[in-house]
Amino acid sequence: MKHVKFNLINSVDLMAMEFEPVKWIVPGYVPEGFSVLAGRQKLGKTWLAIDFAVAVATGGAAMGSIGCEQGDVLYIDMENGSRRIQSRIDALFPNKRNRPNLSRLDWTTEALALDKGLLVALEDWRLTTKTPRLVVIDVLQRIKPAARPNQNSYESDYVIWAPLQKWATENRIAVVGLHHTKKGGADDPLEALSGSNGLSACADTTLVLDRDGNGVTLYVRGRDVEERESALTFLGGIWTLKGDAAEVRRSDERSSITVTLKEATEPMGPTDLANVTGMPNGNIRKLLFTMAKKGEVQKAGRGQYIHPENQHLITVPRDPGNNGNKVTKGKEAA
């Protein structure tokens, strides 16, 4: 057997090495390397991918607020024909006079499978493009080779996607592949990706677009990205970043509590608010405590709250001079 040695690097030498910082394509969300953007059908993954592509190609802002460094973009769209692509651009920029220069965004509606020449085509694009920064593949299933024999699905998927991850990483280009999520979701967003876990394990970054009763969120986790979950809104093909999902959710819940108490005709407790707003009782109790400290709501008795503008709803102790009846603050006794 041929003698094989490890190619060792001593820790002192390793720490003396200098590396370029991580190249961000969409800062905070899409770094260089292989990323997967997954979500349910018809949720708007393609619109979000186009948002990324246009922001990079024009040096604009992704999701309305994330500034991107300008570069060349290749969008491989095997789900939609040229007519539909054109209609989406028209929807984003209906006024042709105000349409940005999209000359650095190229499209193709055909591509070979990953093991049939896709990497050769990608390399040709890279070498013939001035500043290659982003490749979008819509969708990954269309370029996926046949499963490898004698391997389980995890092993097969990892081996299949590894060459694409290697090409993206070595060339410091972001490749964003669109993918579907399973029906019913999962406790861990990465477990929600359709198929085996081999794809998410191979990917440098995974983004999951999802919608629940609180709205739409974009979850991101990866090797070079800080884990986060952001709240988004979608209108007319345009995705807009609202902020950290937990903060936005709390803000929306506070607003719901405020409006409900303002319209109330009597003090309300957490259970009353839960019945009206549909929010969990536990969440309401925590929020009421915080809101009371900030003066956003006011206590009106044990476990009862009012809006600060509804002072007339606060009851005072029973008045012996009023036949023992309770009187309402701000109102004369009968």
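A. Geometry of the nonpolar core. Residues Tyr29, Val30, Met63, Leu134 and Leu218 are the most contacted members of the largest nonpolar core, which totals 42 residues. In terms of residue count, helix α2 (residues 45-58) provides more of this core than any other element does, 10 residues in total. Residues Val36, Leu114, Ile137 and Trp161 belong to the second largest nonpolar core, which totals 28 residues.

B. Up close: the layout of surface pockets. Put simply, the largest pocket is a space of about 360 Å³. Lining the largest pocket are 17 residues, and of these Lys42, Lys45, Thr46, Glu79 and Arg88 sit closest to its centre. It is α2 that contributes the most residues to the lining of the largest pocket, 3 residues altogether. Each residue belonging to the lining of the largest pocket can be placed in one class, and the counts come to 5 nonpolar, 5 polar and 7 charged. Counted as a void, the second largest pocket has a volume near 260 Å³. In this structure, the second largest pocket is lined by 18 residues; those nearest its centre are Ala186, Pro189, Ala192, Val208 and Asp210. Of all the elements in the fold, those that place two or more residues in the lining of the second largest pocket are β10 (205-212) and β11 (215-222).

C. Layout of the packing of aromatic side chains. Scanning the entire structure with this criterion turns up 5 aromatic pairs. Taking 6.4 Å as the distance between ring centres and 55° as the angle between the ring planes, the aromatic pair formed by tryptophan 47 and phenylalanine 234 counts as tilted. A residue pair is termed long-range when its members are at least 10 positions apart, and tryptophan 47 in helix α2 and phenylalanine 234 in strand β12 (residues 228-235) qualify at 187 residues. By relative accessible area, tryptophan 47 is classed as buried at 18%. Grouping aromatic residues by their ring pairs yields a cluster made of Trp47, Phe234 and Trp239. Geometry around tryptophan 47 places arginine 88 over its ring, the cationic atom sitting 4.9 Å from the centre. One Lys or Arg, arginine 228, reaches over the ring of tyrosine 29 and ends 5.1 Å from the middle of that ring.

D. Structural detail: the pattern of salt bridges. For the structure shown, the criterion picks out 14 salt bridges. Its salt-bridge partner being arginine 104, residue aspartate 72 comes within 3.1 Å of it at the nearest N-O pair. Residue aspartate 72 is located in strand β6 (residues 72-77), and its partner arginine 104 is located in the loop between α3 (82-92) and β7 (105-108); the two are separated by 32 residues in the primary sequence. Classification of arginine 104 as partly exposed rests on a relative accessible area of 21%.

E. Region of the structure containing the pairing of strand β9 (residues 174-180). Most of β9 sits out of view: 6 of its 7 residues are buried. Across 7 bridges, the pairing between strand β3 (residues 33-39) and β9 is parallel. The partner of valine 36 across the bridge, within β9, is glycine 177. Bridge count for strand β8 (residues 132-138) against β9 is 4 bridges, and the pairing is parallel. For valine 135, the partnering residue across the bridge sits in β9 and is valine 175. Following the chain from β8 across helix α5 (residues 153-171) to the adjacent parallel β9, one finds a crossover that is right-handed.

F. Layout of the sheet that holds strand β13 (residues 238-244). The strand order across the open sheet built from 9 strands is β7-β6-β8-β9-β3-β10-β11-β12-β13, with neighbouring strands paired in mixed fashion. Bordering the open sheet on either side are β7 and β13, each of which pairs with just one other strand. On average, adjacent strands in this sheet sit at an angle of 20° to one another, irrespective of strand direction. Relative to β7, β6 runs parallel, the two being bridged by 4 bridges. Each bridged residue has a counterpart across the sheet, and for leucine 74 the counterpart in β7 is aspartate 106.

G. Local environment of the packing of helix α8 (residues 270-277) against helix α9 (residues 281-294). Where α8 meets α9, the axes come as close as 9 Å, and the angle between the chain directions of the two elements is 120°. Judged by the angle between their axes, α8 and α9 are oblique. Considering how the two elements wind past one another, α8 and α9 form a crossing that is right-handed. Listed contacts from α9 to Pro270, Thr271, Leu273, Ala274 and Thr277 of α8 are Asn281, Ile284, Arg285 and Leu288. Of the residues in the contact of α8 with α9, the class split is 5 nonpolar, 3 polar and 1 charged.

H. Representation of α3. Taken together, the buried positions of α3 are Ile85, Arg88, Ile89 and Leu92. Around the axis of α3, the buried residues are gathered within 100° of arc, so they sit on the same side. Exposed positions of α3 whose direction lies more than 90 degrees from the buried face are Arg83 and Gln86. Here the buried face of α3 lies against α2, β6, β7 and β13.

About the thresholds
Numbering of residues starts from 1 in every chain and runs along the sequence as written. Reporting in this predicted model follows two pLDDT cut-offs: at least 70 for local features of residues, and 80 or more for side-chain atom pairs to be given and counted; totals over whole chains, interfaces and linings ignore these cut-offs and use all residues. Side-chain metrics in this entry use all non-hydrogen atoms of the structure; hydrogen atoms and water are not considered. We define the nonpolar core as a collection of buried residues of types Ala, Val, Leu, Ile, Met, Phe, Trp, Tyr and Cys that are connected through side-chain atoms lying within 4.5 Å of one another. Under the scheme applied here, a residue whose accessible area is under 20% of the maximum for its type counts as buried, over 50% as exposed, and between as partly exposed, the area being computed with a 1.4 Å probe on protein chains only. Only runs of H or I of at least four residues qualify as helices and only runs of E of at least two qualify as strands under DSSP, and these elements are numbered from the N terminus. Here a cavity is any set of points on a 1 Å grid over the protein atoms alone where a 1.4 Å probe fits but cannot get out, and a pocket is any open set with protein on both sides within 12 Å along at least 5 of 7 lines; a residue lines the site when it has an atom within 4 Å of a point. Grid points are joined across faces, edges and corners, and a volume is the space filled by probe spheres set on the points. Amino acid classes used here: Ala, Val, Leu, Ile, Met, Phe, Trp, Tyr, Cys and Pro are nonpolar; Asp, Glu, Lys and Arg are charged; the rest, including Gly, are polar. Aromatic pairing here means that ring centres of Phe, Tyr or Trp (its six-membered ring) are within 6.5 Å. Orientation follows from the plane angle: under 30 degrees is stacked, over 60 is edge-to-face, and everything else is tilted. The criterion is that NZ of a Lys, or CZ of an Arg, lies within 6 Å of the ring centre and within 35 degrees of the ring normal, and then a charge sits over that ring. Any Lys or Arg side-chain nitrogen located within 4 Å of an Asp or Glu carboxyl oxygen qualifies as a salt bridge. Any two strands are treated as partners once DSSP identifies two or more bridges connecting them. Think of it like this: strands point away, you trace from the first strand over the helix to the second, and a clockwise trace means the crossover is right-handed. Lines fitted to C-alpha atoms define the axes, with helix axes restricted to the stretch in contact, and inter-axis angles between N-to-C directions lie between 0 and 180 degrees. Angles below 35 degrees are treated as roughly parallel, those above 145 as roughly antiparallel, those between 65 and 115 as roughly perpendicular, and all remaining angles as oblique. Crossings are sorted by hand: turned counterclockwise from the far helix by less than a right angle, the near helix makes the crossing left-handed, and turned clockwise it makes it right-handed. In what follows, residue pairs with any heavy atoms lying within 4.5 Å of each other are defined as contacts. Starting at the helix axis, one direction is taken to each C-beta atom, and the arc is that of these directions.

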